[in-house]
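Commentary on secondary and tertiary structure
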Amino acid sequence: MAGTALDEATRAQLRQQLDERQRTLREEVRAIDDEKEDAPRSIPMSHVEDLGEQGEERIREAVRHAEQERDIDELRAIADAQARMDNGSYGLCVDCGVDIPLPRLQAQPAAARCIDCQAEYEKTHAPVPSIPLPPMQ
């Protein structure tokens, strides 16, 4: 596969952006995992919690879960971009093979598609908006 039009300095800058974002996301995922581990397993008998408080806690838990899933998805996209950098295909659209414009890569270094192909991809691969609620206890 032919290389992209990115020079080495630009490629290094984008790699640094990817690496920094990867570190940040890993810390966020780890913090959510730690928070889950630190959460009390059961509510003490002396603690009074009404249905409203229970519902709010389930919603907070669902939001934390959704945030963690989003971060994990972004980590996968970053790993894919790093692999493309390693194999020389970074900066080329994975669908049509054209160069992805530099401003797009600067805004979204993990971008795998040009804008047109991304728009087509999103038409057929739209995310399903769902936030699973944890089971009631």
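My aim in this report is to walk through the structure given alongside it, one point at a time. (Residues numbered from 1 in each chain as written. Predicted model: local features only at pLDDT ≥ 70, side-chain atom pairs only at ≥ 80, totals over all residues. Heavy atoms only, no water.)

**Observations concerning the overall build of the protein chain**
Per the secondary structure count, the protein chain includes 4 helices and 0 strands. In the protein chain, the order of α-helices and β-strands from amino to carboxyl end is α-α-α-α. Counting every position in the protein chain, which comprises 137 residues, the buried fraction comes to 26%. Of the accessible surface of the protein chain, which amounts to about 9,600 Å², a share of 54% is contributed by carbon and sulfur atoms. (Helix = DSSP H or I, 4+ residues; strand = E, 2+ residues; numbered from the N terminus. Buried < 20%, exposed > 50% of the residue type's maximum accessible area, 1.4 Å probe, protein only. Areas by Shrake-Rupley, 256 points an atom, 1.4 Å probe, with all protein chains shown as cover.)

**Points about the pattern of salt bridges**
In total, this model carries 10 salt bridges according to the counting rule given. Arg76 is the partner of Asp73 in a salt bridge, and the nearest nitrogen-oxygen pair spans 2.9 Å. With Asp73 and Arg76 both in helix α2 (residues 51-87), this residue pair falls 3 residues apart, about one helical turn. On the basis of relative accessible area, Arg76 is assigned to the partly exposed category, the value being 49%. (Salt bridge = Lys/Arg side-chain N within 4 Å of Asp/Glu carboxyl O.)

**Things to note about the nonpolar core**
Counting residues in hydrophobic clusters, the biggest one holds 17 residues, and the most contacted among them are Leu14, Leu18, Tyr90 and Leu105. For this core, the secondary structure elements donating two or more residues are α1 (8-38) and α2. When sequence neighbours within four positions are dropped, the list of residues in contact with Leu14 reads Leu6, Met85, Tyr90, Leu102, Leu105, Gln106 and Pro109. (Core = buried A, V, L, I, M, F, W, Y, C linked by side-chain atoms within 4.5 Å. Contact = heavy atoms within 4.5 Å.)

**Regarding the side chain of Arg113**
Within the element layout of this structure, Arg113 appears in the loop between α3 (102-107) and α4 (115-124). Here the side chain of Arg113 touches Asp95 through a polar contact of 2.8 Å, side chain to side chain. Setting aside chain neighbours within four positions, we find Arg113 in contact with Cys93, Val94, Asp95, Ile100, Arg104, Gln118 and Tyr121. (Polar contact = N/O pair within 3.5 Å; in protein donor to acceptor, adjacent residues only side chain to side chain.)

**Some thoughts on a negative patch on the surface**
Together, Asp33, Asp34, Glu37 and Asp38 make up a region of like negative charge exposed at the surface. Along the chain, Asp33 falls in helix α1. Among the residues examined, Asp33 registers a relative accessible area of 32% and is labelled partly exposed. (Patch = residues over 30% accessible without salt bridge, like charges linked within 9 Å, V, L, I, M, F, W, Y side chains within 5 Å. Lys, Arg positive; Asp, Glu negative; His and termini not counted. Charge placed at Lys NZ, Arg CZ, Asp CG, Glu CD.)

**Focus on the environment of Ile115**
Along the chain, the position of Ile115 falls in helix α4. Distance in space between the C-alpha atoms of Ile115 and Pro101 is 8.8 Å, their sequence separation being 14 residues.

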